[in-house]
Every structure is written in structure tokens, then in C-alpha cells.
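A structural walkthrough
Take a look at the letters that make up each chain.
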Amino acid sequence: MGYTVAIVGATGAVGQQMLAVLEERDLPIDRLVPLASLRSAGQTITFRGEEITITELTEASFEGVDVALFSAGGSVSETFGPVAASAGAMVIDNTSAFRMANDVPLVVPEVNGEAALDAPRRIIANPNCSTIQMVVALAPLHREARVKRVVVSTYQAVAGAGARAIKELTEQAVAWANGSPEPPPEIFPHPMLFECLPQIGEFLPDGTSVEEEKMVEETKKIFADETIAVTATTVRVPVLVGHGEALNVEFEGPLSAERAKELLSTAPGVELVDEPEKNRYPLARQAAGKDPVYVGRVRNDATLPHGLNLWVVADNLRKGAALNAVQIAEFLHARDAL
Ligand SMILES: NC(=O)c1ccc[n+]([C@@H]2O[C@H](COP(=O)([O-])OP(=O)(O)OC[C@H]3O[C@@H](n4cnc5c(N)ncnc54)[C@H](OP(=O)(O)O)[C@@H]3O)[C@@H](O)[C@H]2O)c1
């Protein structure tokens, strides 16, 4: 017997990856319910060889649904997440709507999977894409030497801002190649082509961006440790898919680069790519479409008593969103908790 799985935002950049990930993996599914706004209702998607019509998201959409994967924006989740949960579905939400709520677990299965078993509202939150790949890389090192402070600088792909953002950068590139006038940006505040934008999300009164704040707060919640200090600078770069992150990590105890590589080479969800002498290190174009969090450039930071530098890359639409959500569902399925 399989589940009825709803995908809210099935036409989006994340929703499309959810379909792909569910198709590849083994979660038993009897019925798939692709949902979107009225704009896309009536279009079809193909899932496991079957053509399925997308329907408009309404309060009645969740009848008989066991698992509802949400990725249609925060306000949609705020309104319809509780509706789906009261209809009996387990909601796994990709937006920031519930991430910091005390009664909603924030889960990365490789790091704190057990937290998913305590979801009193039947809502589980998927962390922000930049947080997920950082904590997957940090977890094995944290277990060994305890992370004290992380300085993270991100190099985030435009796919993080959705399907229209990918189109926007692509159109700017095509216009540039053709010598045509640059189409004005609609998704980002400036053209992304040949640019690095030190702004992801709104700015808070102290000058921090919302994306930076998410990395700080979500990391503490996932590791269940308020003392971990994170300071972030999040930057959008003209990469289509795959976020990069430079991490400078200070540990409580000693941890050599060699030992860190050893730990990372067997850590769940991590693939160590660290042969700089052969020009091999994690790259966004190689990570796109793949599941692992790639870690490389592991080296000691001689300016700290116990410090390491790492370079971490993952597909933000997969491990950063769709794959992590599906892994949460699989984790619950394996424990009869769906
Ligand atoms: N992109 C990432 O890397 C990433 C990572 C983690 C989390 N997220 C979060 O996931 C969410 C979706 O991101 P995305 O990148 O997939 O965006 P996207 O490509 O813009 O897709 C948005 C999806 O939401 C649907 N939608 C919008 N308004 C709706 C409404 N009122 N009712 C029903 N469906 C509606 C759209 O359907 P239509 O076709 O009908 O417009 C589309 O399927 C966002 O909250 C984002 O923050 C994204």
C-alpha cells in the first residue's frame, strides 16, 4: 500500500525537483496530487509514466492526502499548511513560514532526523537551502570537536529565487550574446549577469539580510545548541543552480584538516572532493542535478587555535529543498510515523 502525496507548487523550480526526486526514489506512492495556482491549473505533469492534471490549490485539496510537500511561498504555507494538517496530512514545508516555531521541528535527516518524530502540529519545516548544506557538512565535525563559531560567505545560485529567476539570468545572457539591449530585471534588484549581489532577502534594521539571519537562527535550532555562533554574508552570483559556501569554522577542541577529511569522507550525505593539485574541488555545475553535499578545500586556519576552512557546494533545489523534504518523508515512513 502506498501514500497519497500532494505537491503544493508543483510547477515551480522546487516542485519540479520534488517530482523528479520522488520518481527516482522508493517512497511508496499510490496517488500523486500536483497543486498550483489557478494560473497553472489544467496543465499536466508526467509522473512514473502517468499523465496527471494539475489542480488549483483550495481548502478541499487535501482530502485523503497522507503527505503534503509545500513549496509555493510562505503565505501559501501559512494559509494552507494548517488546512492540510487538519485534513490528516503530514505537512513538510519548504518555506520559512514555520521554521522558527517552537512546536514545529526543523529537520535535516542526516543531522537531526529524530526531531521529525515530534511534530505535534503535523507540520515539519525544511530549513533554508543555504543552511541545509552548511549543517550537513558541519555535523560530522561538530560531533568530533564541537563547533564554536562559523563565518560563512555564500555564493548562491539564481535558482534559489525560483523558476523566473533562472529565466531572467538566461535572458540577460542571451541578450548580451546577441548584442541586444538588456531586459530590465524583475526578480532581482539589479541585473545578475556578470554581477555578485550582496543582498538575499530584505534587510533588517541592523543591516543584516533575512537570508543571513536564517543561517544564524536555523543552525542553532537544528543543532539544538544556542551557543553556536554563526555570522553570515549571503551573496547571489550568476550561477544557475548550485550554491557555494566558504566556511571558516572555529572548534572547541583540536581537529586537523586530515582528521576532518577522514570524517567527511564517510559522513552521510557528504561527498569529499578534495584533490586541489588535480584542480578537483566542489563546483556548482558538477553538483547540479546531484544529491550529495560536496565538500573540498579542507585546510587548517593557522590564525585560530582550532580552526578549519572548507568549501561546500550542493544543488539548492535538491538537497537544499526537494530531496531534503522527501528524505524527511522517507525517514517517517521507515519508522511507521507517516
Ligand atoms: N528555489 C530554492 O532553491 C528554494 C529552496 C528552499 C526553499 N524554497 C522555497 O520554496 C518556495 C517555492 O520556491 P520556488 O523556487 O520553487 O519558486 P517558483 O519557481 O517561483 O515556484 C512557485 C510555485 O508556487 C506556486 N504558487 C504560487 N502562488 C500560489 C498560490 N497562491 N496557490 C498555489 N500555488 C501557488 C506556483 O504555481 P503557478 O505555476 O500556478 O504560478 C509555482 O508552482 C518558496 O517559498 C521558496 O522560498 C526555494
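See above for the structure.
A short tour of the structure in this document, coming up. (Residues numbered from 1 in each chain as written. Predicted model: local features only at pLDDT ≥ 70, side-chain atom pairs only at ≥ 80, totals over all residues. Heavy atoms only, no water.)

The subject of this paragraph is the sheet that holds strand β11 (residues 243-251). Taken in spatial order, the six strands line up as β10-β9-β11-β14-β13-β12 in an open sheet, and their pairing is mixed. Edge positions in the sheet fall to β10 (229-233) and β12 (270-272), since each has one partner strand and no second. The mean inter-strand angle of the sheet, taken between neighbouring strand axes irrespective of direction, is 25°. Note: strand β13 (residues 293-300) against strand β14 (residues 307-314), five bridges, orientation antiparallel. When the bridges of β14 are listed, R299 appears paired with N309. Helix α7 (residues 257-266) contacts β12, β13 and β14 of the sheet and is inclined by roughly 165° relative to β13. (Pairing = 2+ DSSP bridges. Helix = DSSP H or I, 4+ residues; strand = E, 2+ residues; numbered from the N terminus. Axes fitted to C-alpha atoms, helices over the stretch in contact; angles between N-to-C directions. Contact = heavy atoms within 4.5 Å.)

Once that is clear, we can look at the sheet that holds strand β8 (residues 123-125). With respect to topology, six strands assemble into an open sheet ordered β5-β2-β1-β6-β7-β8, the strand pairing being parallel. Two strands lie at the open edges of the sheet, namely β5 (55-56) and β8, each paired on one side alone. With four bridges joining them, strand β1 (residues 3-8) and strand β6 (residues 67-70) adopt parallel strand pairing. Bridging from a neighbouring strand, I7 pairs with L69 of β6. Across the sheet, helix α1 (residues 13-24) touches β1, β2 (29-36) and β6, and the angle it forms with β1 is around 155°. On top of the sheet, helix α2 (residues 74-86) reaches β1, β6, β7 (90-93) and β8; it is set at about 175° to β6, its chief contact.

The next point concerns the nonpolar core. Most often, soluble globular proteins have nonpolar side chains that are buried together. If you look at the biggest cluster of nonpolar residues, it comprises 58 residues, and the most contacted ones within it are F62, A68, L141, V150, L247 and V295. Leaving out residues up to four positions away in the same chain, V295 has contacts with A137, L264, V270, E271, L272, V273, P282, L310, W311 and V312. Core analysis: the second largest hydrophobic core is formed by 37 residues, A10, L27, A159 and A321 among them. (Core = buried A, V, L, I, M, F, W, Y, C linked by side-chain atoms within 4.5 Å. Buried < 20%, exposed > 50% of the residue type's maximum accessible area, 1.4 Å probe, protein only.)

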